[in-house]
Amino acid sequence: TAGFSASAHDPALFIHLSPRGRTLLLLYVDDMIITRDDPEYIAFVKARLSAQFLMSDLGPLRYFLGIEVSSTSDGFFISQEKYIQDLLARAALTDERIVETPMELNVHLRATDGDPLPDPTRYRHLVGSLVYLAVTRPDISYPVHILSQFVSAPTSVHYSHLLRVLRYLRGTISHRLFFPSSSSLQLQAYSDATWASDPSDRRSLSAYCVFLGGSLIAWKTKKQIAVSRSSAEAELRAMALLTAEVTWLRWLLQDFGVSVTTPTLLLSDSTCAISIARDPVKHELTKHIGVDAFYVRAGVQDQVIALQYVPSELQLADFLTKAQTRAQHGIYLSKLSVVHPP
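Residues numbered from 1 in each chain as written. Predicted model: local features only at pLDDT ≥ 70, side-chain atom pairs only at ≥ 80, totals over all residues. Heavy atoms only, no water.

Looking at an unreviewed UniProt entry, one finds the protein named Reverse transcriptase Ty1/copia-type domain-containing protein, with Aegilops tauschii subsp. strangulata as its source organism.

This is the structure in structure tokens:
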């Protein structure tokens, strides 16, 4: 009745258009964020809502669903520092050790490693909390992905690696994502895969990260649902996953009133996968991945994405596919704008 309409691309987003501009309302159960350029209309919307519902006005955005938001003249910072403090308190670590990386190099965990935990409840609880923490901490995306695969029957080895992640968080509790106010509104996406990386079933790992200008806005680490017969096939499946995400983000930006007219740059370090995606000819060797190839190719033809090669040393999504050395870990954090507070 206030004139809002639900977004076709995110049912939790409500949009109001008027000659005075655009108002966005994001709703999660009984928590909401309202934003627009005109603060007077925001006050009007809140008055209309207060007339219908018992509502508390918490003022400018500072805290939402466990996510802390702070701002400076240079931009916004989001973090979950209080959430980490609560998580560490629940974990009840018996020492004060910290580590500089969340996972050791060249670790390949299996379900049979170590002795089964007599009570897996604590492991499941802590890993579940880490999954939500990864919403603002891309630096734990890969280890959380690995640890979450063993929640059904965790062992002592899995639990020791979980404790390492917690010790890493203790030492980096103030880290936060930075969104510069000077950032452009152009999307840029990185796609990567590690072929046959899981020793138990030889399925590959897909990973991507998406930037809006200089701001990291989306990332994922996900095991592929089928075994890939080549590294190019694994890379192509990762590109298809990212193409779907980019398509949705472009729709969402249009809901925000952002003009999206040029193809989104999709960067991959696999020349073979790029070649297959660009080639309209179906070959005998690639017919079993025809759906993924066709989907990526359709994204190129529809000018949703533009494929471009990036050298492996500049592939930012690589951070989400494997453990890194201390030096590499620090470099990636800087490039992803995971920073200490000012």
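## Thoughts on the side chain of Gln324
By secondary structure assignment, the location of Gln324 is in the loop between strand 13 (305–309) and helix 9 (326–335). Take Gln324: its relative accessible area is 5%, and that puts it in the buried class. Side-chain polar atoms of Gln324 contact the backbone oxygen of Asp318, separated by 3.4 Å. Polar contacts involving the side chain of Gln324 include one to the main-chain carbonyl oxygen of Lys322, which spans 3.3 Å. Excluding anything up to four places from it in sequence, Gln324 contacts Thr101, Leu105, Asp318, Phe319, His329 and Tyr332. (Helix = DSSP H or I, 4+ residues; strand = E, 2+ residues; numbered from the N terminus. Buried < 20%, exposed > 50% of the residue type's maximum accessible area, 1.4 Å probe, protein only. Polar contact = N/O pair within 3.5 Å; in protein donor to acceptor, adjacent residues only side chain to side chain. Contact = heavy atoms within 4.5 Å.)

## Looking at the sheet that holds strand 14 (residues 338–339)
The sheet built from 5 strands is open, its strands ordered 5-6-7-8-14 with antiparallel pairing. Unpaired on one side and paired on the other, strand 5 (63–64) and strand 14 mark the two borders of the sheet. Pairing of strand 5 with strand 6 (residues 67–72), which is carried by 2 bridges, proceeds in the antiparallel orientation. Of the residues in strand 6, the one forming a bridge with Phe64 is Ile67. Against the sheet, helix 2 (residues 81–91) makes contact with strand 5, strand 6, strand 7 (75–79) and strand 8 (176–180), and its axis sits at roughly 145° relative to strand 6, the strand it touches most. (Pairing = 2+ DSSP bridges. Axes fitted to C-alpha atoms, helices over the stretch in contact; angles between N-to-C directions.)

## A few points about the pairing of strand 2 (residues 13–18)
Bridge count for strand 1 (residues 5–6) against strand 2 is 2 bridges, and the pairing is antiparallel. Across the sheet, Ala6 pairs through a bridge with Phe14, a residue of strand 2. One ladder, built from 6 bridges, connects strand 2 with strand 3 (residues 21–28); its direction is antiparallel. Across the sheet, residue Ser18 finds its bridge partner in strand 3, namely Gly21. Connecting strand 2 to the antiparallel partner strand 3 that follows it, the hairpin turn spans 2 residues.

## Things to note about the domain arrangement of the protein
On domain assignment, one finds that the protein holds domain 1 (5–59), domain 2 (79–171) and domain 3 (184–339). Between domain 2 and domain 3, the C-alpha centre-to-centre distance is 26 Å. Across the boundary between the two partners, domain 2 contributes 20 residues, which contact 22 residues of domain 3. Taken together, the two surfaces of domain 2 and domain 3 that pack against each other cover about 1,600 Å², and 66% of this comes from carbon and sulfur. (Domains from an automatic or database assignment. Buried area = accessible area lost by both parts, 1.4 Å probe.)

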